[in-house]
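These are the residues of each chain, in order.
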Amino acid sequence: MTVRTLLPTWSEWKPAARAPGADLMAGLIVALVALPLALGFGISSGLGAAAGLATAVIAGVLAAVFGGSRFQVSGPTGAMTVVLVPIVAAHGATGVLAVGLMAGLVLVVLAVTGVGRAVRYMPAPVIEGFTAGIAVVIALQQFPSALGIAHAEGEKVWQSALDAVRRFAEEPSAATPVTALVVAATVLIGGRYLPKLPFALVAVVAATVAAQLFGMGLTRIGTIPSGLPAPSLSFLQLDELGSLIGPALAVAALAALESLLSATAADSMAVGTRHDPDRELFGQGLANIAAPLFGGVPATGAIARTAVNVRSGARTRLAALTHAVILAAIIYLAAPLVADIPLAALAGVLLATTVRMVETTALIAIARASRGDAIIMVVTFGVTVALDLVTAVAVGVGFAVVLALRSVAREARLEQVSLDETDHLAEEHDLLRDHIVAYRIDGPLFFAAAHRFLLELAEVADVKVVILRMSKITALDTTGALVLKDAIGKLEHRHITVLLSGLRTDHQRRLAALGALPADGRDSLFANTCEAIDHARRYVPLCRAPIAHRPPAAQTPTPTNTPRAQRLTHIPG
């Protein structure tokens, strides 16, 4: 992939130039929704409200222009703050800025190498599990602000939330938690009945005015610089970059995952659209490179703001760009007003956001689908809350892989088919009388499913020729080929000739490269089973080798609980 394919084109902006009205209105609505979220997530990350606003502006502009989705709205998100909090604790604010820039470089590399499409293979239980976990973590992050507790202690989010509850219980005060709950209720109820109105902004403005009029003594955001700071690289500490590689990779992984999931969600909400995943990573990479230069935190595509953008009638990238420009105007013109917003009001907005994040119907459906999916989802959720998001995704995907392989491996079995009087019983008896037996292998033959039935194959007794019908093998990996080689070797060691029929060309190449073909090489390969049987019948009378006689088994053992999608079946010819 070339960088040129990742760059924007004028054709993307032509519809906006012809009819900008709908996009300008959608951008205004999104900006009103994004303002309290940017402030709240900036504070939650540990770098302050100004950092959240700077991120929303810089990342919003660059991702809108260079991203792969025409509806995507980027900025600070709750999921990212979950990852940033421990980085702030370990490396301080300058560490977070350096991590953001490094993560942006990683995202650009991922885009150029075409990794963006890999997100399509993320298991649904993992996605739902970490989404629910993120919602809980964001809610726990709001406990100190919602309860009016400054500097709650605890290394993990749930520990600081417990500390805030304990300290609030010692000196309770109703004003702060009531403000947070009223704001949250307003956002949820208003958003349900009038979803296009920016109730988050309305509730925050009302809470700010009430706090000023009634002297409620709520903790405010505090002074916010008017305007964006000049670009600077002063936060880079070259001697510390080595220790920041791990956090940078974690931030890049989260930014890629959340952005691509958000773009996919936008595609599902709009008709006839499809995002470019690699270009989306490129846009997010540029956004994360630039945002730290202006004091911003790492950014991702924001699912909630993107959804508002689509539902507000956005048509092109102009809507997301407009949202960023309006936020920039607020920074330059209304910074003193923003400074008076109570932290409890922002906490209420974020609490309402967490409620909207959780799709209970999806969680229930996955839990009912299968026990394995429920386990994956619960484990991912638990690790997200207890540890961190990136670890949770890794553990969830690991569980999904293990359970999938276990399921496939249990499908393999050795089954002898009993033919009735009307179905070639004479041919079967003729073959058995000639000491020729034919088997069919169905389904994928790979490392998780090969050993059991191929090793059982090596134990067949009282035969001179074994014919393996390979045309039904859908996949063959190196492990499966080596196990097949072992089974063939054991049969040939007992002077049993092995013939293969219907072998695909790519499978033949793999077996030949590993030395897994029968001793006769290509002379043992046949286009179909009939040719292999004819050859075997001509070969048997000439066979002088001793036969390893064993008492015939009453019936080949058959493992239970096995679908027929993958099996080794005895056939008559």
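All figures in this text were calculated on a predicted structure; none of them were measured in a lab.

## Quick look at the side chain of threonine 55
Then comes step 1: Considering the arrangement of structural elements, one finds threonine 55 in helix H3 (residues 49-66).
Then comes step 2: Not counting residues up to four positions away in its chain, the partners in contact with threonine 55 are Gly60, Gly75, Pro76, Gly296, Val297, Pro298 and Ala299.

## Comments concerning the nonpolar core
Then comes step 1: Of all hydrophobic cores here, the largest spans 87 residues; its most connected members are Leu39, Phe130, Ile221, Ile224, Val251, Leu327 and Leu389.
Then comes step 2: If you tally residues by element for this core, the top one is helix H4 (residues 78-112), at 17 residues.
Then comes step 3: Not counting residues up to four positions away in its chain, the partners in contact with leucine 39 are Ala49, Leu53, Ile221, Ile224, Val338, Ile341 and Leu346.
Then comes step 4: Judged by nonpolar contacts, the second largest core, of 23 residues, contains Leu445, Val466, Ala481 and Val498.

## A word on a positive patch on the surface
Then comes step 1: Together, Lys14, Arg18, Arg70 and Arg315 line one region of the surface with positive charge.
Then comes step 2: Structurally, the position occupied by arginine 70 is in the loop between H3 and strand E1 (74-75).

## What about the packing of aromatic side chains?
Then comes step 1: Counted according to the given criterion, the structure contains one aromatic pair.
Then comes step 2: An angle of 75° between the planes, with centres 6.5 Å apart, marks the rings of phenylalanine 66 and phenylalanine 282 as edge-to-face. Remark: phenylalanine 282 occurs in helix H11 (residues 277-290) and phenylalanine 66 occurs in helix H3; sequence separation between them is 216 residues.
Then comes step 3: For phenylalanine 66, a relative accessible area of 22% puts it in the partly exposed group.
Then comes step 4: Residue phenylalanine 282 is classed as buried on the basis of its relative accessible area, which comes to 7%.

## A few points about helix H2 (residues 21-45)
Residues lying three or four places apart along an α-helix face the same way, a consequence of the helix completing one turn every 3.6 residues.
Then comes step 1: Taking 1.5 Å of rise per residue, the 25 residues of H2 would be expected to cover 36 Å, and the 35 Å separating its terminal C-alpha atoms lies within 8% of that figure.
Then comes step 2: The sharpest bend along H2 measures roughly 35° and falls at alanine 34, with the proline proline 36 sitting one to four residues further on.
Then comes step 3: In terms of residue burial, H2 counts as a mostly covered element, since 18 of its 25 residues are buried.
Then comes step 4: Remark: glycine 46 follows H2 within two positions and exhibits a positive phi of approximately 100°.

## As for empty space enclosed by the protein
Then comes step 1: Under the criterion given, the structure shown has one cavity of 30 Å³ or more.
Then comes step 2: Here the largest cavity defines a volume of roughly 40 Å³.
Then comes step 3: Lining the largest cavity are Thr94, Gly95, Ala98, Phe235, Gln237, Glu240 and Leu244.
Then comes step 4: Here the lining of the largest cavity is built from residues that sort into three nonpolar, three polar and one charged.

## A word on the packing of helix H5 (residues 124-141) against helix H15 (residues 343-357)
Then comes step 1: Where H5 meets H15, the axes come as close as 9 Å, and the angle between the chain directions of the two elements is 165°. Judged by the angle between their axes, H5 and H15 are roughly antiparallel. Between H5 and H15 lies a crossing whose hand is left-handed. Together, Thr131, Ile134, Ala135, Ile138 and Ala139 of H5 and Leu350, Leu351, Thr354 and Met357 of H15 make up the contact between the two elements.
Then comes step 2: The residue inventory of the contact of H5 with H15, partitioned by class, reads seven nonpolar, two polar and no charged.

## Considering the layout of surface pockets
Which parts of space are left empty comes out when a probe the size of a water molecule is rolled across the atoms.
Then comes step 1: Roughly 1,500 Å³ of internal volume is contained in the largest pocket.
Then comes step 2: The wall of the largest pocket is formed by 46 residues, among which Ile303, Ala304, Ala307, Arg356 and Met357 lie closest to the centre.
Then comes step 3: Elements with a contribution of two residues or more to the lining of the largest pocket: H2, H4, H5, helix H8 (175-193), helix H9 (199-214), helix H10 (245-269), helix H12 (303-311) and H15.
Then comes step 4: Per-element tally for the lining of the largest pocket: the top contributor is H10, with eight residues.
Then comes step 5: Within the lining of the largest pocket, the residues separate by chemical class into 30 nonpolar, eight polar and eight charged.
Then comes step 6: The space that makes up the second largest pocket amounts to roughly 880 Å³.
Then comes step 7: Looking at the second largest pocket, it is lined by 35 residues, and the ones nearest its centre are Ile43, Ser44, Gln141, Pro144 and Ser145.
Then comes step 8: Secondary-structure elements contributing two or more residues to the lining of the second largest pocket are H2, H4, helix H6 (143-147), helix H7 (157-170) and H15.
Then comes step 9: Looking at the lining of the second largest pocket residue by residue, the class counts come to 19 nonpolar, 14 polar and two charged.

About the cut-offs
Residues numbered from 1 in each chain as written. Predicted model: local features only at pLDDT ≥ 70, side-chain atom pairs only at ≥ 80, totals over all residues. Heavy atoms only, no water. Helix = DSSP H or I, 4+ residues; strand = E, 2+ residues; numbered from the N terminus. Contact = heavy atoms within 4.5 Å. Core = buried A, V, L, I, M, F, W, Y, C linked by side-chain atoms within 4.5 Å. Buried < 20%, exposed > 50% of the residue type's maximum accessible area, 1.4 Å probe, protein only. Patch = residues over 30% accessible without salt bridge, like charges linked within 9 Å, V, L, I, M, F, W, Y side chains within 5 Å. Areas by Shrake-Rupley, 256 points an atom, 1.4 Å probe, with all protein chains shown as cover. Salt bridge = Lys/Arg side-chain N within 4 Å of Asp/Glu carboxyl O. Lys, Arg positive; Asp, Glu negative; His and termini not counted. Charge placed at Lys NZ, Arg CZ, Asp CG, Glu CD. Phe/Tyr/Trp six-rings, centres within 6.5 Å; stacked < 30°, edge-to-face > 60°. Expected span 1.5 Å × (residues − 1). Bend = angle between axes of the 7 residues up to and from the residue. 1 Å grid on protein atoms, 1.4 Å probe; cavity = no way out; pocket = protein on both sides within 12 Å on 5 of 7 lines; lining within 4 Å. Points joined across faces, edges and corners; volume = space filled by probe spheres on them. Nonpolar A, V, L, I, M, F, W, Y, C, P; charged D, E, K, R; others polar. Axes fitted to C-alpha atoms, helices over the stretch in contact; angles between N-to-C directions. Parallel < 35°, antiparallel > 145°, perpendicular 65-115°, else oblique. Left-handed = near helix turned anticlockwise from the far one by under 90°.

Coordinates in, geometry out; function isn't part of it.
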